[in-house]
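Chain residues, written in single-letter form:
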Amino acid sequence: MTTGVPRRLAQAVVVLWAAFTLSFVILYLLPGDAVLAKLGGEAGTTVTAADIARERAAYGLDDPVVLQYGKRLLAAVQGDFGRSIATGEDADELVLNALPSTLAITGLGLVFAVVFGGAIAIVGTYTRSRWLGNLLAAIPPLGNSLPPFWVGLLLIQVFSFQLGLVPAMGSDGFATLVLPAVTLAIPTGAIIGQVLAKSLRTQLAEPYIEVVLAKGASRARVHWGHALRNAALPALTLVGVLAGNLLAGSVITESVFSRDGIGRVTASAVTAQDIPVVQAVIVLAALFFVLINLAVDLLYPVLDPRLSGRVTAKAVSGV
Amino acid sequence: MSTLPLRAAGLLAVLGLAAACGGTGAATGGTGDAGPPRPGGTLRLGISSNPDCVDPQQWGTNAALNVGRQLVDSLTDQDQTSGEIIPWLAEKWEVNADSTSFTFTLRTGATFADGTPVDAAAVKTSYDGIKALGPKAQLGNGYLAAYKSATVVDPKTVRLDFSAPSAQFLQASSTMSLGILAPAAYQKSPEQRCQGEGLIGSGPFVFESFKANQQVVIAKRKGYNWGSPQWKHQGEAYLDKVEFRIVPEPGVRTGSLASGQLDAITDVQPVDEPQFAGNGFTEPVRANPGVVFNLTANTTRGVLTDAKVRQAVLKGVNRQEVTDTVLTKNYKPASSVLGSATPLHADLSKELAYDPDGAKKLLDEQGWVPGPDGIRVKDGQRLSAKIIFSLVFNQNQSVLELVQQQLRKIGFDLQIEQRTTPETQQLTLAGDYDFIWYNTTRADPDILRQLFSTKAGNRSKLTAGNPLDAALDKQAATVEESARRPAAEEAQRLIVEQAYSIPVFELTQVWGLGPKTHGVGFEASSRMQLFDAWIAG
């Protein structure tokens, strides 16, 4: 599946273009109108048709669709997604300013998820206690079925309101990161744990394990050194996919924890049908996804030297 | 996305209630033994939505106006109880006979935060600036619809001229939407001012910082000494700083207040209100003036073309049940199309009494007979109309579901249809609705002209020259209460009698204050006034 870098880049460009185009089509077909949403205000009584037309023209929304698409695509290629119709700020700036806060919770969330999922899978498959094994096997489906906002509110209630350990809101420092990251990590970690446990069990049933054990390796050595290494590949692939889910989860998590971030920006932009901002978010998310998958692909050979050989051979012969 | 977190918030409220009863012993005393106000300190205030724009001249949302009110002063102020217009930056004013020319005499000594004086030239620059914003001034655009020009008579005197009678302008001059900004502010673009850049007013607080979706911080203006006469003290504000923290989840807002992470919050949800009853917390409450939440009928569509049908719907709504069950005792059933806090409000509660029998009688007379499913039919047509609404107020859905059940009892089928705010705006402007559901905050009866006059919003799609138009024009033409009151009352009576609008309940601001927080007040439009607010040490 891994091939030369130029081909990967070409794929990435196609993905980004598709994301841009699809979002344009969908947003253009949506009923409603960002200009109306903005001018309507609370009263919404004093706006005339002429006002709306003028404002629409100012944002180029009165051009034919094809022209709008061309203009926007050309600008987007240069990194300009236009101005937010709701607030007048640069759409790309708006999104980029919100990015660090989201990256902080999703990054930490991913770390927690890997640790949490890994621990469930490794302990669950290693233990000889039947009840502990069963208990750990039951956690992933449970973790995955809990609604994130409910988990978030519960965590706030216990750790912030009752125990007073962390603030319930804001984005200042590590203390405000922990709970949102845990909230994001629970469903994600559950999936990682489930997949990893399954592939660990598969690996442990393979004949080579018998060989390693026969050679006198300890159970722990077999588990860590051999089975886990081979079982990690499917789980790693999954991490790539889940990174996207984490980003989606931030919409709810950021609202519950009163944080700024991509999720909040997206939610309000969608509500206001603020096309430039929504598009900037979609293209950024696509870019993020492409990069994560690229990173996962590059990590494969590190875990499995056989793949490394293949990549080198192909890369050499492919060019 | 909005209903599920809401339910979760309800659950949290129950948890929080248990916590409030069991643990926190911090809540002591009440507000009575608060002692004299103490200067200093920071008020941490939880608000429910991002202001988007902190320039009060541009945005019309509560989140934006609650911040903006603290930063700007206005030419006049409005007495919260009497609704009377009183001096502020202007000591006095004169209005010509047909309310087209307003001459203000400014007080001396007031300055903007950049040190420049609040003089006639600055007032002119500011008003011209608002006019230039056009529809970007979401509320000011309406207030200044007929604004022609401002003339600097002398440094202390400024005259504002209008092309049509604008009695409403006197009240508008008291709002933060027409608050005065320093001339330097207009060298920045509207977008920059939205983010606080160049947002220089003469108010008791100055803008400090705005982080979207996080917080807005304002700080005390040193040397401020030109407060409105209706405020409880003069001189500088008590608080050093106010941090408006943006906390969208209602459950987190209430929990943060209960656990002492916030000093005050806005928008306490009906389900959370019991938490703050009688345990040291105070709950400031004030109904919004302006048009109440109502079903405005499009009189040109379907069954609603018949006045008798509309009147039946008006009688078939049990307003008391709405406030008793879906809302709380803090919310009032509508007693007119205007809220009771609006100046010149007419008490029409008798006309708005629940009368299902009267409703059925009207429908019987019109030949609507109950069909097999209880909904009335006539000539194969069902007695049915659709209402469009958006979730600007969290309880809207529940209120409308209850109204739907109530109307079912008289054989009327109300179909409720939730839309996004932009969609509602679009349908409203296009006139593409049977009923629309909304409210509008404005402490002046002229809001009825803006919504119902055939020369303005005309939301009921009436024909020009109807008696309502005449009454609305009459109240717009004079600031004299003796002449204005009968016209305004007639307008309210006509709207209710003809059931152009079916008023339901008054939107109410419900806030929560922690045990140490005092003096957080309402101005006449039920927006926040923090000048007298203080925190016990």
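Higher on the page you've got the structure.
Computed from a predicted model, the values in this text were never measured in an experiment. (Residues numbered from 1 in each chain as written. Chains lettered and ligands numbered in written order. Predicted model: local features only at pLDDT ≥ 70, side-chain atom pairs only at ≥ 80, totals over all residues. Heavy atoms only, no water.)

Draft legend 1. Representation of the overall build of chain A in the model. Along the backbone of chain A there are 13 helices and 0 strands. Helices (α) and strands (β) of chain A occur, in sequence order from the N terminus, as α-α-α-α-α-α-α-α-α-α-α-α-α. Across its three principal directions, the C-alpha atoms of chain A cover 85 × 60 × 30 Å. Taken over 319 residues, chain A has a buried fraction of 46%. Once local pairs closer than 6 in sequence are excluded, the contacts in chain A between residues at least 24 apart make up 73%. Surface summary for chain A: the accessible area is close to 15300 Å², and the carbon and sulfur share equals 71%. Charged side chains of chain A number 21 positive and 19 negative; the gap between the two group centres comes to 19 Å. (Helix = DSSP H or I, 4+ residues; strand = E, 2+ residues; numbered from the N terminus. Buried < 20%, exposed > 50% of the residue type's maximum accessible area, 1.4 Å probe, protein only. Contact = heavy atoms within 4.5 Å. Areas by Shrake-Rupley, 256 points an atom, 1.4 Å probe, with all protein chains shown as cover. Lys, Arg positive; Asp, Glu negative; His and termini not counted. Charge placed at Lys NZ, Arg CZ, Asp CG, Glu CD.)

Draft legend 2. Main features of the overall build of chain B. The number of helices and strands found in chain B is 15 helices and 26 strands. Expected size for 537 residues packed as a compact globule is a radius of gyration near 24 Å; at 24 Å, chain B falls within 12% of this value. Oriented by its inertia axes, the alpha-carbon framework of chain B measures out at about 75 × 65 × 40 Å. Split into buried and exposed, the 537 residues of chain B put 59% on the buried side. Long-range pairs, those at least 24 residues apart, make up 70% of the contacts in chain B with a sequence separation of at least 6. Total accessible area computed for chain B in this model is approximately 18800 Å², and 51% of it derives from carbon and sulfur atoms. (Rg over C-alpha atoms; globule rule 2.2 N^0.38 Å.)

Draft legend 3. A look at the layout of surface pockets. Residues and elements named next belong to chain B. The calculated volume of the second largest pocket comes to roughly 480 Å³. Around the second largest pocket sit 25 residues that line it, and Gly142, Ala145, Arg449, Lys455 and Ala456 are the ones nearest its centre. If you list the elements that add at least two residues to the lining of the second largest pocket, you get helix 4 (140–143), helix 13 (447–452) and helix 14 (467–476). Examining the composition of the lining of the second largest pocket, we find that 3 residues originate from one element, helix 4, more than from any other. Here the lining of the second largest pocket is composed, by residue class, of 9 nonpolar, 11 polar and 5 charged. (1 Å grid on protein atoms, 1.4 Å probe; cavity = no way out; pocket = protein on both sides within 12 Å on 5 of 7 lines; lining within 4 Å. Points joined across faces, edges and corners; volume = space filled by probe spheres on them. Nonpolar A, V, L, I, M, F, W, Y, C, P; charged D, E, K, R; others polar.)

Draft legend 4. Main features of the interface of chain B and chain A. Taken together, the contact between chain B and chain A spans 50 residues of the former and 51 residues of the latter. Surface buried jointly by chain B and chain A totals about 4100 Å² across both partners, of which 59% is contributed by carbon and sulfur atoms. It is B:Pro135, B:Asn213 and B:Pro422 in chain B that bury the most area against chain A; as a group they hold 13% of the surface buried on that side. At the surface where chain B touches chain A, the tally comes to 0 salt bridges. Run the count over chain B and chain A and you get 6 residue pairs in polar contact (both at pLDDT 80 or more). Among the elements of the structure, helix 1 (3–22), helix 4, strand 10 (241–246), helix 7 (250–258), helix 12 (421–430), strand 19 (435–441) and helix 13 of chain B are those that each provide at least two residues to the side of chain B that touches chain A. The greatest single-element share of the side of chain B that touches chain A, amounting to 9 residues, is contributed by helix 1 of chain B. (Buried area = accessible area lost by both parts, 1.4 Å probe. Salt bridge = Lys/Arg side-chain N within 4 Å of Asp/Glu carboxyl O. Polar contact = N/O pair within 3.5 Å; in protein donor to acceptor, adjacent residues only side chain to side chain.)

Draft legend 5. Main features of the pattern of salt bridges. Residues and elements named next belong to chain B. By the definition in use, this model includes 26 salt bridges over all chains. In this structure, the salt-bridge partner of arginine 408 is aspartate 413, at a minimum N-O distance of 3.9 Å. Residue classification places arginine 408 among the partly exposed residues on the basis of a relative accessible area of 43%. Note on aspartate 413: relative accessible area 7%, which makes it buried. The network of salt bridges with common partners includes Asp373, Arg382, Arg408 and Asp413.

Draft legend 6. Main features of the sheet that holds strand 16 (residues 381–382) of chain B. All names here are of chain B. The strand order across the open sheet formed by 3 strands is 14-15-16, and the pairing between neighbours is antiparallel. The open sheet has two edge strands with one neighbour each: strand 14 (369–370) and strand 16. Note that strand 15 (residues 376–378) and strand 16 share 2 bridges and pair antiparallel. The residue bridging lysine 378 from the neighbouring strand is glutamine 381, located in strand 16. (Pairing = 2+ DSSP bridges.)

Draft legend 7. Just the nonpolar core, in detail. The biggest cluster of nonpolar side chains holds 70 residues, and the ones touching the most others in it are B:Tyr127, B:Leu160, B:Phe169 and B:Leu530. For this core, the element with the highest residue contribution is helix 3 (residues 120–133) of chain B, accounting for 6 residues. Contacts of B:Leu530, omitting those with residues within four sequence positions, involve B:Leu43, B:Leu45, B:Gln70, B:Phe205, B:Leu239, B:Val242, B:Phe244 and B:Val520. In terms of nonpolar packing, the next biggest core, distinct from the first, is built from 64 residues, A:Phe257, B:Phe281, B:Phe389 and B:Val399 among them. (Core = buried A, V, L, I, M, F, W, Y, C linked by side-chain atoms within 4.5 Å.)

Draft legend 8. Just the sheet that holds strand 19 of chain B, in detail. Residues and elements named next belong to chain B. Pairing in this open sheet of 5 strands is mixed, and the strands run 18-17-19-13-20 from one edge to the other. The strands lining the two open edges of the sheet, one partner per strand, are strand 18 (413–418) and strand 20 (501–505). In this sheet, adjacent strand axes meet at a mean angle of 30° when their direction is disregarded. Where strand 17 (residues 384–389) and strand 18 come together, 6 bridges link them in parallel fashion. Counterpart to isoleucine 388 in the pairing with strand 18 is glutamate 417. In the packing of helix 11 (residues 396–409) onto the sheet, the strands contacted are strand 13 (290–297), strand 17, strand 18, strand 19 and strand 20, and the crossing angle to strand 18 comes to about 165°. (Axes fitted to C-alpha atoms, helices over the stretch in contact; angles between N-to-C directions.)

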